Amino acid sequence: MTATGSAQAVPPSWQPALDGVLSAPEARRLGGWLKAEEAAGKRIYPPRGSRLRAFELTPLDAVKVVILGQDPYHGPGQAHGLAFSVPEGVKVPPSLANIYKELASDCDVTIPPHGNLEHWARQGVLLLNNSLTVQEGQAGSHQKRGWEAITDAAVAAVAAKQDPCVFLLWGSHARKKAERVPGLESGHHLVLTAPHPSPLSAHAGFFGCRHFSRANAFLEAHGREPIDW
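Residues numbered from 1 in each chain as written. Predicted model: local features only at pLDDT ≥ 70, side-chain atom pairs only at ≥ 80, totals over all residues. Heavy atoms only, no water.

Going by what an unreviewed UniProt entry lists, the chain is known as Uracil-DNA glycosylase and is assigned to Novosphingobium malaysiense. Taken verbatim from the UniProt record of the chain, the Catalytic activity (unreviewed entry) comment is "Hydrolyzes single-stranded DNA or mismatched double-stranded DNA and polynucleotides, releasing free uracil." Database annotation for the chain, UniProt heading Subcellular location (unreviewed entry): "Cytoplasm". (UniProt positions renumbered as here; feature names shortened; annotations may be inferred.)

(A) Seen up close, empty space enclosed by the protein. A complete count under the given rule lists two cavities of 30 Å³ or more for this structure. Volume-wise, the largest cavity comes out at about 50 Å³. Taken together, P46, R51, P72, Y73, A79, H80, G81, L82, N129 and L132 make up the full set of residues lining the largest cavity. Considering only residue class, the lining of the largest cavity consists of six nonpolar, three polar and one charged. Along its surface, the second largest cavity is lined by R51, L52, A54, F55, G81, A83, L127, L128, N129 and L132. Mapped onto the lining of the second largest cavity, the elements with two or more residues apiece are α3 (53-57) and β3 (125-129). (1 Å grid on protein atoms, 1.4 Å probe; cavity = no way out; pocket = protein on both sides within 12 Å on 5 of 7 lines; lining within 4 Å. Points joined across faces, edges and corners; volume = space filled by probe spheres on them. Nonpolar A, V, L, I, M, F, W, Y, C, P; charged D, E, K, R; others polar. Helix = DSSP H or I, 4+ residues; strand = E, 2+ residues; numbered from the N terminus.)

(B) Highlighting the side chain of D71. Within the fold, D71 resides in the loop between β2 (65-69) and α4 (94-107). Here the side chain of D71 touches G140 through a polar contact of 2.5 Å, landing on its backbone nitrogen. With near-sequence residues (within four places) excluded, D71 lies in contact with N129, S131, V134, A139, G140, S141 and Q143. (Polar contact = N/O pair within 3.5 Å; in protein donor to acceptor, adjacent residues only side chain to side chain. Contact = heavy atoms within 4.5 Å.)

(C) Just the sheet that holds β3, in detail. As summarised here, the arrangement of the four strands in space is β3-β2-β5-β6, forming an open sheet in which the pairing is parallel. Both outer strands of the open sheet, β3 and β6 (190-194), are each paired with one neighbouring strand and no more. Here the average twist between neighbouring strands, direction ignored, is 20°. Across three bridges, the pairing between β2 and strand β5 (residues 166-170) is parallel. Looking at the pairing, V66 lines up with F167 of β5. (Pairing = 2+ DSSP bridges. Axes fitted to C-alpha atoms, helices over the stretch in contact; angles between N-to-C directions.)

Printed below as a string of structure tokens:
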């Protein structure tokens, strides 16, 4: 995936789904633009080497659940390649704090003292942002630069899987992204929607959505191991 300035190779399980879009002119333009931005001294998160972390930790054939974010956190040390997740030792962001509140209410689990969601990713939860990079301090700054075609292809690859999966779509941005995937609402997969877990909207229906238990019930009903949230 060096065409996008990631300095990482696409993990083997994702190559058939992503190689075509990565060889397109749009991806090459994205790579050139990212290099120019970095050369100009702009700080881009997550750092090189972490931008494909979601694909590395969750191979395509292992995906059970997809959670779609908008773009990476734009503060120093926060983004590490997984939507909604931050490294251990970094303060849990407000949206993730609300995700944890709903999880505790829904599944009666003990919330960890950190915001690192790698343990979800390693079990088959694809934590995918729409854009895989962002400029420091500027939310949404890398939207419409070319990442969308790549992450759309990833979502479409999951939708094409024979194994039933769960798509958790929180907020209008995630719903609109899923709408670009033909056949996702066919009934083969479970698609659950709710308001975004942001403090601005969580009380409008995210709290009480019970997406975590509903996802596990669907996976178990289709012979798949549930997620240990």
